[in-house]
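Letter by letter, the chains look like this.
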Amino acid sequence: QVQLEESGGGLVQAGGSLRLSCSASGQIPSDYAMGWFRQTPEKEREFVCALYWGSSDTYCQESAKDRFTISRDNAKNTVHLQINNLRPDDSAVYYCAAGPIDDSWYYGYDFWGQGTQVTVSS
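Every value quoted in this text rests on a predicted model; they were computed, and no experiment measured them. (Residues numbered from 1 in each chain as written. Predicted model: local features only at pLDDT ≥ 70, side-chain atom pairs only at ≥ 80, totals over all residues. Heavy atoms only, no water.)

(A) Structural view of the sheet that holds strand S7 (residues 68-73). Pairing is antiparallel across the open sheet formed by four strands, whose spatial order is S1-S3-S8-S7. Bordering the open sheet on either side are strand S1 (3-7) and S7, each of which pairs with just one other strand. Neighbour-to-neighbour, the strand axes of this sheet turn through a mean angle of 20°, independent of strand direction. In terms of strand pairing, strand S3 (residues 18-25) meets strand S8 (residues 78-83) through six bridges, oriented antiparallel. Paired with Ser23 across the bridge in S8 is Thr78. (Pairing = 2+ DSSP bridges. Helix = DSSP H or I, 4+ residues; strand = E, 2+ residues; numbered from the N terminus. Axes fitted to C-alpha atoms, helices over the stretch in contact; angles between N-to-C directions.)

(B) The arrangement of the nonpolar core in detail. Counting 30 residues, the largest nonpolar core has Leu4, Met34, Trp36, Phe68, Leu81 and Tyr94 as its most contacted members. Only S3, strand S4 (33-39), strand S5 (46-52), S7, S8, strand S9 (92-99) and strand S11 (116-121) provide two or more residues apiece to this core. When residues no more than four places from it in sequence are discounted, the contact partners of Leu4 are Cys22, Ser23, Ala24, Met34, Cys96, Ala97, Ala98, Phe111, Trp112, Gly113 and Gln114. One finds Phe37, Phe47, Ala50 and Trp105 within the second-largest nonpolar core, a separate group that totals nine residues. (Core = buried A, V, L, I, M, F, W, Y, C linked by side-chain atoms within 4.5 Å. Buried < 20%, exposed > 50% of the residue type's maximum accessible area, 1.4 Å probe, protein only. Contact = heavy atoms within 4.5 Å.)

Encoded structure:
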């Protein structure tokens, strides 16, 4: 059983940066990926970036590659999502997830955190 807890969200002005963190309790299997998704009331949940725990291979959706970076802190069992040059349309609840995903990177996440709100003001 993996439990995930996000932190680092908040209110930030457009152009600013945030680093979200996802702390995992329990052993993360090496074949698991940890990913970040985001969702607003108006849109379906959207994949942002993910990282394979065993290899540290990463993947971000095309629209996120310029401003989003996913990284890990092995010692703290934590995955970070750095978001730079924030825009108002980045406002969303950001969720961390973990699981034995498939080759698409988008599916197979079995465990989810509660989410952290990011609000970007213009």
